[in-house]
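Understanding the architecture of this molecule
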Amino acid sequence: MKKRRERIDRGIKARSEDVYALSSWREMLYLAGPRLLPAAAFLLLPLFLGAYWQKVMISVAVFALLAISWDMLAQTGMISLGQALFFGMGAYVSGILNFYFGMPPWIAIPIATVLGGALCTLILTPVLRLRGIYFSMVTLIIPLMLVRIIEATKIFGGTEGLSGMTPLPSTLTEIYLVTGVLLGVLFGLRRLMETDYGLVLKGIRDNDRSVTNAGIDIFWFKTQALFISSTIGAFAGALMTHVYMFVGMPVFALDYSILPMAAAVVGGSGTLAGAALGAVILVPLSEALRGIGGLRIVMYGLFLVVFTVAVPEGLFDYIQRRYHQMERWVEIDQ
Amino acid sequence: MSLPTTLRVENISKIFGRVAAVDHLSCEVRRGELVGIIGPNGSGKTTLVNLISGFVKPTSGRILYNGQDITYTAPHKIVCMGISRTFQMVRPFYHLPAYKNMIIPLYSPRVRQLAGGRYGDRNAVALDLLEEVGFERDANVAYKPAGTLPQGYLKRLELAKAIALSPELLILDELFSGMSLAEVASVVPVIEKLRLAGKTIIMIEHRLKELFRIADRIMVLNYGQKIADGASTEVMESDEVKKAYLGSEG
Amino acid sequence: MFAGTVVFALINSSILILLAIGFNLTFGISGVANFAYGALYIMSAYLSWTMLNLLHLPFWASAALSIVFTTISGAMMYRFVLLRVRGQALSEVIATFGIGLSILELFRYLGLVGFEYTLPVFWNESFMIAGAYVDIQRIIIVLIALVLVLGLWLFTHFTSTGLAFRGIAQDERTALTFGIDSDRIATLSVSFGAGLAAIAATIIIPLGSIAPDEGYDVLIKALAVCIIGGLGSTGGVIVAGVIIGFAERFTDSYIGSHWTMIVSLAAILLVLAIKPSGLFGQQKELEERI
Ligand SMILES: Nc1ncnc2c1ncn2[C@@H]1O[C@H](COP(=O)(O)OP(=O)(O)OP(=O)(O)O)[C@@H](O)[C@H]1O
Ligand SMILES: [Mg+2]
């Protein structure tokens, strides 16, 4: 007697998919739960956490933003090996605005978000005319080169960086600012990628020739996706400048490129929520594993390989499937 | 004969490495004509289509569309000017339902422009267009993932995508190959209808019988050159054509 | 000063060409961008070092063994990892990058950094050329770069494997119909690329020391050369190597050493803005078969 596993949708999924059929609280909860729960957690948790874990939480949100920004690009067919470019650009612009021009964070951060995103887009647009690999190559080397340039020319404080940035009023402000933006970006972008516009972006990844053949300028659409993504990254950087009250070469370090990518790949790219989930898992894990030091990055590297090759759909997909479907063993007669 | 020229190809060549895929070729297509292009494998038919649609840029020569030089125009702009083409090798978005594959052409600036900038219900239009090319509505074929559909449907999906762009010049690259006889028979009226609506059509085909029945004129390519051009009967009488076909295909 | 600068610029160009040629070869043939390239370079250097200092093998033996071993690990990387994501360029990028990252960071974790981690020069002597002291090692680098470029050219034009390489590179589908096994060729291309990285390490590392950061550096340099020259074009690598090599040395001598990186970055941005596919690159996007 042979058996095979069968997956079937849970009844509640079928019932609640049709909007008009929502009849019970249970069904509504079934639909809203996965969205409300993380949102509630992000909003309530900070009140109960100690100072240290509050900082970790900021870190989680920042890396989640970077991972979402990575995933947004990946969904459009661009693999960035240098999220640090977006992060660092936002960080430096905000730092410069605050340090040299005395702008308060409430002005510096929004300007740095848009300006930093625009600068990254400007630097990278020429590569958009080519396919994937070039984008990866260029995003990898530009932040690393910028570090050397800052080091050698001693601009913007050189190796010392700029310090004494105006902080935000309180840690809770920082947390709520960053988690608010995170939730907004996550749900907003998820919605956007579901629209026809999002379909075009994903179409560019799968078969750009066919999108061009529909009379759509793929270069222009890629530029838009790049701008959205780099703006998100730049916001994360700009915020951190004021959290650390410092900006320096480390903002272009490889860490800011690797961890977001690892988070998106582990969580599962293509869903955006997976990227956020990945950050929620990896960043605290990283904190817990401080003891092993550099070995953490080795671990991220291995995650990248293993998940890409063996579990390309990532954890989020698995959880989602478990939530909506149940598995059972059925006999197959031969 | 007094109809205006829609497409004019002047002395165009495309050389890949050492292969001249298209070799000093000139031709004209008039408005409302249905021109068939035939030729042995590797004779440069697809390359010619790629040149016209702008996906490949020529080594020399030029292409005029309604009198306008489009030789170096970007492919998406050419589409927006009213030339749309199908691909010989279909590569749909396999994981998406067939009708979702139609969304991208319907999102095109050309469609929006023709609709006066209005935003319509793309899904409904997509389903209608698919029904037109033979996706049975009752069987919900349009809702199935493209990856699960047989080749004949994918080819017709390709046709529907091209029609969605309301082209003036429609270029079909081996649309019939991979289709069953019944499917071909169901698509022919669609093409006839487009032609009645005044569209100019170029069809690349290997299935000569079906092509000859609907084409006004046949052009024959061999080694990137045009070796015959005229009504189907007179073309097939030409010695050069016989030699090209017998010589390379036996 | 001018003549001396030219000499060092030539040496610098040779180094860049040596660093980039393996990466470029792999990509040119199988379209795999091997982001583990810098890691393979460093790995082979550590291997040599270990065999030399811990197993007390003679230098030639350890160098040869490490080149062989690195070549094999390139092939294994393809067989066990890349083959599973073959054709998905984006996954290939992530996987190779992850592998490189793990290797380099593992070495960093092990703390193998310091002046003692280096390889011996082949021949410890130097002499005057054009008013500058040049050691023999650097001359050897130039010679080996020349020999390798020439050898590669002969290999791809006159041996059957080499011709198969070119066949796949030019037109994979037709090559397949002629019975060329594209997976075998791709395996070979990745492993040859790794082997070239190891050869480069063997002769270049003696000028400095082995360090994980050097691995990222090598990758940056290889990528910069390929971006400027055009991915997959050997002529492009040579021209770009010479351009960057000279630009760096001349800025170093006449403007200041801290400007060298700016010059490279400016060169990259300029080339990207004017001809995104690089000086000799084909605009693959348009030439791709439809
Ligand atoms: N991108 C390319 N790179 C190199 N050679 C190419 C390319 N595209 C086409 N060719 C060559 O150009 C010639 C013409 O090819 P083309 O695809 O235009 O022929 P075709 O008439 O469409 O053939 P078929 O009937 O098989 O579709 C062939 O020899 C082919 O190998
Ligand atoms: Mg063809």
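Being a predicted model, the structure only gives us computed values, none of them experimental. Every chain is numbered on its own, with residues counted from 1 as its sequence reads. The naming scheme follows written order: chains are lettered A onward, ligands numbered 1 onward. Given that this is a predicted model, residues contribute local features only at a pLDDT of at least 70 and side-chain atom pairs are listed and counted only at 80 or more, while totals for whole chains, interfaces and linings are drawn from all residues. Calculation of side-chain values draws on the structure's entire complement of heavy atoms; hydrogens and water are dropped beforehand.

1. Details of empty space enclosed by the protein
Think of a ball as big as a water molecule: rolled over the atoms, this probe shows where empty space is left. Of the grid points, spaced at 1 Å and generated over the protein atoms alone, those admitting a 1.4 Å probe that cannot get out make up cavities, while open sets with protein on both sides within 12 Å along at least five of seven lines make up pockets; any residue with an atom within 4 Å of a point is treated as lining. Grid points are joined across faces, edges and corners, and a volume is the space filled by probe spheres set on the points. Across all of its chains, the model carries three cavities of 30 Å³ or more by this definition. Of the volumes computed, that of the largest cavity is approximately 90 Å³. Every residue along the wall of the largest cavity is listed here: A:Ser210, A:Asn213, A:Ala214, B:Ser84, B:Arg85, B:Phe87, B:Pro105, B:Glu158, B:Lys161, B:Ala162 and B:Leu165. Elements supplying a minimum of two residues to the lining of the largest cavity: strand S6 (83-85) and helix H7 (151-164) of chain B. If one sorts the elements of the lining of the largest cavity by residue count, H7(B) sits on top with three residues. Gly is put with the polar residues, along with every residue not named as nonpolar or charged; the nonpolar set is Ala, Val, Leu, Ile, Met, Phe, Trp, Tyr, Cys and Pro, and the charged set is Asp, Glu, Lys and Arg. Partitioned by chemical class, the residues of the lining of the largest cavity number five nonpolar, three polar and three charged. Estimated volume of the second largest cavity: approximately 60 Å³. In this structure, the second largest cavity is lined by C:Phe35, C:Gly38, C:Ala39, C:Phe97, C:Gly100, C:Leu101, C:Leu104, C:Gly215, C:Tyr216 and C:Leu219. Of all the elements in the fold, those that place two or more residues in the lining of the second largest cavity are helix H2 (37-53), helix H4 (89-110) and helix H9 (212-229) of chain C. Classifying every residue of the lining of the second largest cavity gives seven nonpolar, three polar and no charged. Numbering of helices and strands runs from the N terminus, with a helix taken as a DSSP run of H or I at least four residues long and a strand as a DSSP run of E at least two residues long.

2. With respect to the interface of chain B and chain A
Here a residue-residue contact requires only that any non-hydrogen atoms of the pair lie within 4.5 Å. In this complex, chain B contributes 23 residues to the contact, which on the side of chain A involves 17 residues. The term buried area means the drop in 1.4 Å probe accessible area that two parts suffer when joined, counted for both and summed. The contact between chain B and chain A buries some 1,900 Å² in all, and 62% of this surface belongs to carbon and sulfur atoms. Salt bridges are identified by distance alone: a Lys or Arg side-chain nitrogen within 4 Å of an Asp or Glu carboxyl oxygen. At the junction of chain B with chain A, the criterion picks out one salt bridge. Any pair of N or O atoms that falls within 3.5 Å is considered a polar contact. Within protein, one atom must be able to donate a hydrogen and the other to accept it, and sequence-neighbouring residues count only if both atoms are side-chain atoms. Put simply, chain B and chain A have six residue pairs in polar contact (both at pLDDT 80 or more) between them. Ranked by residue count, the leading element in the side of chain B that touches chain A is helix H2 (residues 75-81) of chain B, at four residues. The class makeup of the residues in the side of chain B that touches chain A is 15 nonpolar, three polar and five charged.

3. Overview of the pattern of salt bridges
Residue and element names in this part refer to chain B. On inspection of all chains with the given rule, the structure shows 24 salt bridges over all chains. For aspartate 69, the salt bridge identified is with arginine 62, shortest N-O distance 3.7 Å. Remark: exposure states derive from per-residue accessible area (1.4 Å probe, protein chains only) relative to the maximum for the residue type, with buried under 20%, exposed over 50%, and partly exposed in between. Residue arginine 62 is classed as partly exposed on the basis of its relative accessible area, which comes to 36%. A salt bridge links aspartate 229 to lysine 226, with the shortest nitrogen-to-oxygen separation between them at 3.0 Å. The exposure class of lysine 226 is partly exposed, given its relative accessible area of 31%. A single network of salt bridges, built from pairs that share partners, joins Arg8, Glu10, Glu28, Arg30, Arg62 and Asp69.

4. Here we look at the nonpolar core
Nonpolar cores are built from buried Ala, Val, Leu, Ile, Met, Phe, Trp, Tyr and Cys residues. Side-chain atoms within 4.5 Å join them into one set. C:Phe35 and C:Tyr41 are the most contacted members of the largest nonpolar core, which totals 203 residues. Among the elements that line this core, the one with the most residues is helix H3 (residues 51-75) of chain A, at 16 residues. C:Phe35 has contacts with A:Leu81, A:Ser136, A:Met137, A:Leu140, C:Phe23, C:Val93, C:Thr96, C:Phe97, C:Leu219 and C:Leu223, leaving out every residue within four places of it along the chain. If you look at the next biggest cluster of nonpolar residues, it comprises 52 residues, including B:Leu127, B:Val141, B:Val184 and B:Val241.

5. Side note on the pairing of strand S3 (residues 34-38) of chain B
Residue and element names in this part refer to chain B. Taking burial as the measure, the five residues of S3 include five buried ones, the bulk of the element. What you see with S3 is no split at all: Leu34, Gly36 and Ile38 on one side and Val35 and Ile37 on the other are buried throughout. Strands are labelled as partners when DSSP assigns at least two bridges between them. For S3 and strand S8 (residues 200-204), the ladder comprises four bridges, and the chain directions are parallel. Residue pairing for S8: leucine 34 is matched across the bridge by isoleucine 201. The pairing of S3 with strand S9 (residues 217-222) spans four bridges and is classified as parallel. Bridge pairing in S9 links valine 35 to arginine 217.

6. Some thoughts on helix H5 (residues 105-124) of chain A
One fewer than the residue count of a helix, multiplied by 1.5 Å, yields its expected span. Over its 20 residues, H5(A) runs 27 Å from end to end, which matches the ideal 28 Å to within 8%, given 1.5 Å per residue. Taken residue by residue, H5(A) has A:Pro105, A:Ala108, A:Ile109, A:Ala112, A:Thr113, A:Gly116, A:Gly117, A:Cys120, A:Thr121 and A:Leu124 as its buried positions.

7. Points about the packing of aromatic side chains
Here a pair means two rings of Phe, Tyr or Trp (six-membered ring of Trp) with centres within 6.5 Å. Their orientation is stacked below 30 degrees between planes, edge-to-face above 60, and tilted elsewhere. As enumerated under the stated definition, the model contains 21 aromatic pairs over all chains in all. When the centroid spacing of 5.0 Å and the interplanar angle of 75° are considered together, the rings of A:Phe99 and A:Tyr100 count as edge-to-face. A network of ring pairs unites the aromatic residues A:Tyr92, A:Phe99, A:Tyr100, A:Phe156 and A:Phe252 as a single cluster. Counted as over-ring charges are cases with an Arg CZ or a Lys NZ within 6 Å of the ring centre that also lie within 35 degrees of the ring normal. Lying across the ring of B:Phe87, A:Arg209 places its NZ or CZ 3.9 Å from the centre.

8. A closer look at the interface of chain C and chain A
Taken residue by residue, the interface counts 46 residues in chain C and 45 residues in chain A. Approximately 4,100 Å² of surface area, both sides summed, lies buried where chain C meets chain A, with 83% of it carried by carbon and sulfur atoms. Between chain C and chain A we count one salt bridge in total. When the shortest N-O distance is used, the salt bridge between C:Asp217 and A:Arg148 registers 2.7 Å. At the boundary of chain C and chain A, one finds five residue pairs in polar contact (both at pLDDT 80 or more). Residue assignment for the side of chain C that touches chain A shows that the elements contributing at least two residues are helix H1 (2-30), H4, H9 and helix H11 (260-274) of chain C. Here the element with the most residues in the side of chain C that touches chain A is H4(C); it accounts for 14 residues. Split by residue class, the side of chain C that touches chain A holds 33 nonpolar, eight polar and five charged.

9. A short note on the coordination of the magnesium ion (ligand 2)
Those donors, B:Thr46 (OG1) and B:Gln88 (OE1), are the protein atoms that reach the magnesium ion (ligand 2), and they lie 1.8 to 2.2 Å from it. In this pair, B:Thr46 sits in helix H1 (residues 45-52) while B:Gln88 sits in the loop between S6 and helix H3 (98-101), placing the two residues 42 residues apart along the sequence. Listed donors are limited to N, O and S atoms within 2.8 Å of the metal, widened to 3.2 Å for Na, K and Ca; water is not among them, so incomplete-looking sites are possible.

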